[in-house]
Structures are given as C-alpha cells and as structure tokens.
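# Structural features, examined
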Amino acid sequence: MEHVRDLSELPKAHLHLHFTGSMRPGTLLELADKYGVRLPEALTDALVSGEPPKLRATDERGWFRFQRLYDAARSCLRAPEDIQRLVREAAEEDLRDGSGWLEIQVDPTSYAPRLGGLIPALEIILDAVETASRDTGLGMRVLVAANRMKHPLDARTLARLAVRYRERGVVGFGLSNDERRGMARDFDRAFAIARAGGLFAAPHGGELTGPASVRDCLDDLHAHRVGHGVRAAEDPALLRRLAEQGVTCEVCPASNVALGVYDKPEDVPLRTLHEAGVPMALGADDPLLFGSRLAAQYEIARRHHGFTDAELAELARQSIRASAAPEDVRDKLLAGVDDWLAG
Ligand SMILES: [Zn+2]
C-alpha cells in the first residue's frame, strides 16, 4: 500500500512562519469588518477562494504588490486581543498539521504604532505566545526579524531589543523583505549583536535572488539557518558548503510557487537539496496569502517529488534538529517520528 501514513500526524517543527501571514483567512475577514477596513480586492478574492493571488514577486513591482496585500492584512491587527487571537489560532493550526514546535517570525516595528511602541508591541506578542503555548501545549518561540528595506541602524536597535528579551521567548534573529534591496553585509553589525547575545541567525536569502545571496548570508551574517535558500540549488559548490556546515534551509514550496520563484511545485528543487545533503525545514511562510499550511508542504514533497515516507520522516527530523527546541522536546518529537514511520 502506498501513502497510508497521514502527514498531519508526522511530528515536525515549523521554523518559517510570518506573524500576519499565519492568520486564518476567516479571522482577517472578521477583523477587517470589526475595524471597517476595506481590503484590496485581490486579497479578499484570495481569502474567499483559497487560491493564492497571482503575483510575480520575481520583479520589484510584483513584490511591491505582495507587500501591499500583506500590509493591508497587518493593518487589521490593532489591539492586544487581535494579537492573542492570531497567535492562538496559529498554534491550533500548527498542532492540526502535526507540528510539535513553532518558531514564529515577527518584526515588532510594524505593529508598534498601533500597540503603543516597539517595546509594548514585542511584550504583547511574547505574552500572547506564552499564553497560547501554555493553553495549547505547543512549544513556541519567537524569531525577531529586521526589515532590509529599512536602515541598518534600525536593525541594530531591534537586535539589541531581541537579545534583551531572550529570557522571554526570543530565540533567533532574522532579516526579511526584498533581497534585491541592500546588501546582507549592511546588516552584519545587527547580526553580530544578535549572535553575541545568544540568538541564532536566520536571515532570508536565495529566494528572489540567486546563490550569491545565500553565500552572503553565510559569509556576512554567519547564518545558522537560511530562510528559503532554495536558489542554492543553482550552485553545487554552495550546496556542498551548506551540507558540510549543516546549515538548514527553511524551504517553503507553496510560497515559492505563489510568488513565481518557480512555476510549478515540481520545479522547487527539493530533490536537489535533499540529495546534496542540505538539511531542510519545510515551512508555510504566509499561509494567509499562499493558501496552504505546514502539512501541505510535506504533501508537495510526497506528491510532486516522490519522497518516500522514510525520506519524509528524515525531513521532519531535519526540521526538529534545526529548531531551538530544548533537548527533551526534541527527543520526544524525534521518537514520535520513529513511531510514525514504524506505524
Ligand atoms: Zn519568509
């Protein structure tokens, strides 16, 4: 028999999920109604149909359109209870998909104006994560991500803040938004602060631009993990380096297709990375906009790339090993993967 094992029961860690992008479509529609926000038509169409909006983020205009939709969704998160609801629902959705550990990525700067400033915004988010984690039983932590469209000094401020909140659930530091803007090395000081403060480095790279952007993440930011990183597949020497250094790529196949990085799910180079020995942690990125959540990414590996259950189990192990989960959580999840495979 084939495909008998349910991928939503495979224990895994979810390491690439953005804050607003994790929202349930129905929740966004309700919040928009609550605050009288008129969402762009492309967004409401996507939310109602479950079909991702047609975006070509491989050019700057397409990326700008994507950001506009994202900003519209974010503008509906205005009160602490909205943040609490979003985080609780993200945890519930993750649990349903077999996640045993979630690292959610957020730039608190974007929420600061509506939540009383940068520090209150981060505290509201961390409190929401702690509460949701306690209520649902899902282990959750936060990755604070700087925005590469902003000044590197802002990123430094954010890195210092992230380090200060390490005891409150911040585990990593990221860098997001358009890879074509600014150089990774402009943010090297911010990442040095984060690393020195005990956070892991997980910048985006190798999504919108090629292998060079992944190399920059390694050379300039000393990345422990790379957000996306799929374009490393175009450079065998870089693949060898990622494999040797054990740098995990947080690969988000549905996102890549929705944003036009690849035309079809089968074009996402999952096989190339896997066979090169590059560890991967599959992620949903922005399920709100891309229409699929965590287990669906493993489904793509199975359906479009012929990953066997043993290989899918290995992908799940890679996600768990690359996480910031404490030893006991990891051990429990890894044992669960073995059970899933044996079942
Ligand atoms: Zn991302």
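Refer to the structure presented above.
These remarks concern the structure in this document.

This part covers the overall build of the protein chain. Counting its regular elements, the protein chain contains 16 helices and 7 strands. Computed over C-alpha atoms, the radius of gyration of the protein chain comes to 18 Å, within 12% of the 20 Å expected from 2.2 N^0.38 for 343 residues, which places it in the range of a compact globule. For the protein chain, the spread of C-alpha atoms along the principal axes amounts to about 50 × 40 × 40 Å. Expressed as a percentage of its 343 residues, the buried residues of the protein chain come to 58%. For the protein chain, the proportion of contacts with a sequence separation of at least 24, taken over those separated by at least 6, is 75%. Surface exposure of the protein chain reaches about 13600 Å², of which carbon and sulfur atoms provide 48%. For the protein chain, the separation between the mean place of its 44 positive charges and that of its 53 negative charges on side chains is 4 Å.

Here the focus is the coordination of the zinc ion. Surrounding the zinc ion are the protein donor atoms His16 (NE2), His18 (NE2), His204 (NE2) and Asp285 (OD), at 2.1 to 2.4 Å. Coordination at the zinc ion is irregular: its 4 donor atoms span angles of 85 to 176° at the metal. Each donor residue of the zinc ion lies on the same chain, and together they follow the pattern H-x1-H-x185-H-x80-D. Of this pair, His204 sits in strand β5 (residues 200-205) while Asp285 sits in the loop between α12 (270-275) and α13 (287-290), placing them 81 residues apart in sequence. The residues His204 and Asp285 share a single accessibility class, namely buried.

Attention now goes to helix α7 (residues 152-164). Compared with an ideal rise of 1.5 Å per residue, which puts 13 residues at 18 Å, α7 spans 19 Å between its outermost C-alpha atoms and is within 8% of the ideal. Those residues of α7 that sit buried are Ala155, Leu158, Ala159, Leu161 and Ala162. Angularly, the buried residues of α7 cover 165° about the axis, an arc narrow enough to put them on a single face. Elements in contact with the buried residues of α7: α6 (118-136), β3 (139-147), β4 (170-176) and α8 (188-196).

In this structure the tally under the stated criterion is 25 salt bridges. For Asp219, the salt bridge is made with Arg241, and the minimal N-O distance between the two is 2.7 Å. Of the two residues, Asp219 is situated in helix α9 (residues 211-221) and Arg241 in helix α10 (residues 236-245); the sequence distance between them amounts to 22 residues. You can call Asp219 partly exposed: its relative accessible area is 37%. For Arg241, a relative accessible area of 23% gives the class partly exposed. With a closest N to O distance of 2.8 Å, Arg271 and Glu311 form a salt bridge.

Looking now at the side chain of Glu103. Here Glu103 lies in strand β2 (residues 99-106). Taking relative accessible area as the criterion, Glu103 reaches 0% and is therefore assigned buried. Among the polar contacts listed, one links the side chain of Glu103 to the side chain of Arg225, at a separation of 2.9 Å. Ignoring any residue separated from it by four or fewer positions in sequence, one finds Glu103 in contact with His14, Leu15, His16, Leu17, Arg141, Leu143, Val171, Phe200, Arg225, Ser323, Ala324 and Ala325.

Once that is clear, we can look at the packing of aromatic side chains. Applying the stated rule across the entire model yields 5 aromatic pairs. A ring pair is formed by Trp63 and Phe66, whose centres lie 5.0 Å apart and whose planes are at 55°; its orientation type is tilted. Linking Trp63 with Phe66, this pair stays in helix α3 (residues 60-74), spanning 3 residues, or about one helical turn. Neither residue differs from the other here; Trp63 and Phe66 are each classed as buried. Plain terms: the ring middles of Phe173 and Phe191 are 5.0 Å apart, the flat faces sit at 70° to each other, and that makes the pair edge-to-face. Of this pair, Phe173 sits in strand β4 while Phe191 sits in helix α8; the two residues are 18 residues apart in sequence, bridging distant segments of the chain. Grouping aromatic residues by their ring pairs yields a cluster made of Trp63, Phe66, Tyr70 and Phe290. Lying across the ring of Tyr111, Arg74 places its NZ or CZ 6.0 Å from the centre.

Rules used throughout
- Residues numbered from 1 in each chain as written.
- Predicted model: local features only at pLDDT ≥ 70, side-chain atom pairs only at ≥ 80, totals over all residues.
- Heavy atoms only, no water.
- Helix = DSSP H or I, 4+ residues; strand = E, 2+ residues; numbered from the N terminus.
- Rg over C-alpha atoms; globule rule 2.2 N^0.38 Å.
- Buried < 20%, exposed > 50% of the residue type's maximum accessible area, 1.4 Å probe, protein only.
- Contact = heavy atoms within 4.5 Å.
- Areas by Shrake-Rupley, 256 points an atom, 1.4 Å probe, with all protein chains shown as cover.
- Lys, Arg positive; Asp, Glu negative; His and termini not counted.
- Charge placed at Lys NZ, Arg CZ, Asp CG, Glu CD.
- Donors = N, O, S within 2.8 Å, 3.2 Å for Na, K, Ca; no water.
- Tetrahedral: all angles 85-135°; square planar, octahedral: opposite > 155°, others 65-115°.
- Expected span 1.5 Å × (residues − 1).
- Arc of directions from axis to C-beta.
- Salt bridge = Lys/Arg side-chain N within 4 Å of Asp/Glu carboxyl O.
- Polar contact = N/O pair within 3.5 Å; in protein donor to acceptor, adjacent residues only side chain to side chain.
- Phe/Tyr/Trp six-rings, centres within 6.5 Å; stacked < 30°, edge-to-face > 60°.
- Lys NZ or Arg CZ within 6 Å of the ring centre and 35° of its normal.

By themselves, these are just geometric observations and shouldn't be taken as functional.
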